Amino acid sequence: MTTRSPVLELRGITKTFGTFTAVHGIDLTIAEGEFFTIVGPSGSGKTTMLRMLAGLESPSAGDILLRGQRVNDLPANKRPTCMVFQSLALFPHRTVGQNIEFPLKIRDVPAAERKARALQLMAQLRLPESYYGKNVTKCSGGERQRVALARALAYNPDILFFDEPLSAIDYKLRKTLEKELKDIHRETGKTFVYITHSLEEAMVMSDRIGVMRLGHMVQVGTPNEIYTAPNSKFVSEFIGDVNIMPVRLNGGRLVSDELGAEFLPPAVPTGFSNGHLVVRPESLRVLDRRDEAENVLTGTLYNEYALGSRIQYQVRVGERVFIAERLRQQALTGRLDTEVLVGWNARDSILVSD
Amino acid sequence: MSPAERAQRWRSALLWAWALAVVVFMYLPALSLLLASSTSSRYFIFPITKWGFDWWQKTFNSIEIHILFKTSVSIALIVTVIAVTIAFFGALAFARYEWKGRSIYQKIVLLPIFFPQSVLGLALLLWFNTIGLELSWKSAVFAHLVWIVPVVTLVISIQVYSFDPALEEAAYDLGASRWQVLKEVTLPVLFPGLFSGALFAFLLSWGNFPLSLFTTGADTTVPEYLYSKMVAGYTPGVPVLGTVSTMIAAVLFLGGYGIIVLRRRARS
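Residues numbered from 1 in each chain as written. Chains lettered and ligands numbered in written order. Predicted model: local features only at pLDDT ≥ 70, side-chain atom pairs only at ≥ 80, totals over all residues.

As for the domain arrangement of chain A
Residue and element names in this part refer to chain A.
Part 1: Per the domain assignment, the segments making up chain A are domain 1 (6-233) and domain 2 (241-352).
Part 2: Each of domain 1 and domain 2 has a C-alpha centre, and these two points are 39 Å apart.
Part 3: Counting from both sides, the interface comprises five residues of domain 1 and, opposite them, four residues of domain 2.
Part 4: Classifying every residue of the side of domain 1 that touches domain 2 by side-chain character gives two nonpolar, two polar and one charged. (Domains from an automatic or database assignment. Contact = placed C-beta atoms within 7 Å. Nonpolar A, V, L, I, M, F, W, Y, C, P; charged D, E, K, R; others polar.)

Here is the structure:
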């Protein structure tokens, strides 16, 4: 990644709407051919960011550089970039073929050439050739996704932007399309910039992820870095089910005042005095014996959820709810409402500041 | 027969009777018009003693009537073109774009619809006189527009509300110029709304009496002629003209509706 040249550079990008600042001075470099995902909850400014990159909004301050050229004032229709919209924005009065050919028609490409290119893209995206003349409003959700992507590829952009196109798709199909999209990324070698509110989705597809919160880019890293080393409580919670508790450092041990317990800490960041301890469900195990883990808590088994290969247990320690896991083969039976031990090793936990 | 079945039967019988009553109530007057035109006598006598289509013949051959139609059609066509053009942009401002003062605009633009037309007609007459405009069918075009543009704006706005603004952005992002976006995306997607708007404009202008009465000057439209003949000098030519005028409106309306349905079907 580091050897690749930057295709997109943001320098102090800021966007204000009246008195509201949607994006606060973001610096970011995206490399040629990278799959970069911006993740954030709604209102985090991620859509505004993407719209500025696409040329549909102009930044209030800062510069956008495309291959070293400042493009702040270059309108969307002159930029070598293309966006797949959340609503997909397929033209309802046109067929699948006409939709895909739209950017070519705008460039006055001859009809025969247009059709050949459209059919080629349809084949690449696994759309049956018979769909060429089909009305686009008659296509299913997944087919419409593919048409939208084919249309964007027909423009032959250097960078493709995606504004949560999969958010309205049901879970199973979304999982398939995520993988397909990543395959298309490999096949085309183009730079993809994707935004989503689902870090899970980002993890599956991305080379790097940027997490946004309230207009700030709070962490940028590979999926592995984001997963194993979140730099704040916000990022760690964003990943999904996590066990998280306030702690303070006291003489090399972590103290939880709420639980009245002391824990062995993982590597302590310099200058850390108090913050939160994060333990992922797969690192928090329901134990048979106290000596199976370095840190142990006693709680009550309140409920269990079968996840397939693993089983999750809801364990209550005082007022606090913990989610622990076990492999299916080691499932506990008939233990609801009884006392259980949960524990983790220090190296499997993460310390974050607030 | 169970009580539930009997109740069900009664209910559907009542429904049918009600629907029939509504249809009769609405269409009997139009039918009476046809009846009244099918007489050979000079005056309107009921029951009709001498049936015949003499008055249809006379009406169709009358040069005066030809001029009437020409005037009415000219006004309606010009009103349609101007009204749809203005209302298209008006509807974009009404339903598409967020701008300061939009909510005031949305109310002001609809106000002329609620203004009594005869008062509006008189007001326009005074205004035209003040600015020294010579009254003719051309001045009636302006008068019609005052009332019809708001209606057509509303009709087109309904279509614009269901328009996804991302369509325009997508086309623009795919390299289209502003003009190409309008031509390739906005206009075709909004076409059903523009078409209904045009139908409304034509039909409302075609049937308008109060505004024409005050503003056509020496020219006469079909509704004006019908009114003056009923006030003085009735002949069975009046119901003939009334029937023809109604039929033209009906054919335009049903034909227009048919075109929209066919277009929709052709697409699927």
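Brief notes about the packing of helix H3 (residues 63-96) of chain B against helix H9 (residues 178-206) of chain B
Residues and elements named next belong to chain B.
Part 1: Where H3 contacts H9, the two axes come as close as 8 Å, and the packing angle between them is 140°. Considering the relative orientation of H3 and H9, their crossing is right-handed. From H3, Ser 72, Ile 75, Ala 76, Val 79, Thr 80, Ala 83, Val 84, Ala 87 and Phe 88 reach across to H9, where they touch Leu 194, Gly 197, Ala 198, Ala 201, Phe 202, Ser 205 and Trp 206.
Part 2: Within the contact of H3 with H9, the residues separate by chemical class into 12 nonpolar, four polar and no charged. (Axes fitted to C-alpha atoms, helices over the stretch in contact; angles between N-to-C directions. Helix = DSSP H or I, 4+ residues; strand = E, 2+ residues; numbered from the N terminus. Left-handed = near helix turned anticlockwise from the far one by under 90°.)

Digging into the nonpolar core
Part 1: In terms of nonpolar packing, the biggest core is built from 107 residues, with Leu 53, Val 84, Ala 150, Phe 161 and Val 193 of chain A together with Ala 83 and Val 152 of chain B touching the most fellow members.
Part 2: Looking at this core, the element that brings in the most residues is helix H7 (residues 137-161) of chain B, giving 13 residues.
Part 3: For Val 152 of chain B, the residues in contact, after removing those within four places along its chain, are Ala 83, Val 84, Ala 87, Gly 197, Phe 200 and Ala 201 of chain B.
Part 4: Membership of the second largest hydrophobic core comes to 19 residues, among which are Val 278, Val 286, Val 315 and Val 352 of chain A. (Core = buried A, V, L, I, M, F, W, Y, C linked by C-beta atoms within 7 Å. Buried ≥ 20, exposed ≤ 12 C-beta atoms within 10 Å, placed from the backbone.)

Here we look at the sheet that holds strand E11 (residues 243-250) of chain A
All names here are of chain A.
Part 1: Spatial ordering of the open sheet is given by E13-E12-E11-E14-E20, a layout of five strands whose pairing is antiparallel. The open sheet has two free edges, formed respectively by strand E13 (261-263) and strand E20 (349-352), since each of these has just one partner strand. Strand-to-strand twist of the sheet, defined as the mean angle between neighbouring strand axes without regard to direction, takes the value 40°.
Part 2: As paired strands, E11 and strand E14 (residues 274-279) are joined by six bridges and run antiparallel to one another. Across the sheet, the residue bridging to Pro 246 is His 276, located in E14. (Pairing = 2+ DSSP bridges.)

Looking at the environment of Phe 85 of chain A
Part 1: With respect to the helices, strands and loops of the structure, Phe 85 of chain A is situated in the loop between strand E6 (81-84) and helix H2 (96-106).
Part 2: Residue Phe 85 of chain A is classed as buried on the basis of its C-beta count, with 22 C-beta atoms lying within 10 Å.
Part 3: The spacing of Phe 85 of chain A and Val 286 of chain A is 201 residues in sequence and 44 Å in space, taken between C-alpha atoms.
Part 4: Excluding residues within four positions of it along the chain, Phe 85 of chain A makes contact with Asp 163 of chain A together with Ala 166 and Ala 170 of chain B.

Digging into the environment of Leu 254 of chain A
Residues and elements named next belong to chain A.
Part 1: The residue Leu 254 is located in strand E12 (residues 253-256) in this model.
Part 2: Judged by the 24 C-beta atoms lying within 10 Å of it, Leu 254 falls in the buried class.
Part 3: For Leu 254 and Arg 144, which are 110 residues apart along the polypeptide, the C-alpha to C-alpha distance reads 52 Å.
Part 4: Ignoring sequence-local partners within four residues, the contact set of Leu 254 consists of Val 247, Leu 249, Glu 262, Phe 263, Pro 265 and Leu 277.

Looking at the sheet that holds strand E3 (residues 35-39) of chain A
All names here are of chain A.
Part 1: Spatially, E6-E7-E8-E3-E9-E10 is the arrangement adopted by the six strands of the open sheet, whose pairing is mixed. Bordering the open sheet on either side are E6 and strand E10 (216-221), each of which pairs with just one other strand. With direction set aside, neighbouring strand axes in the sheet form an average angle of 20°.
Part 2: Of the pairings in the sheet, the one linking E6 to strand E7 (residues 159-163) comprises four bridges and is parallel in character. Note on E7: the bridge partner recorded for Thr 81 is Ile 159.

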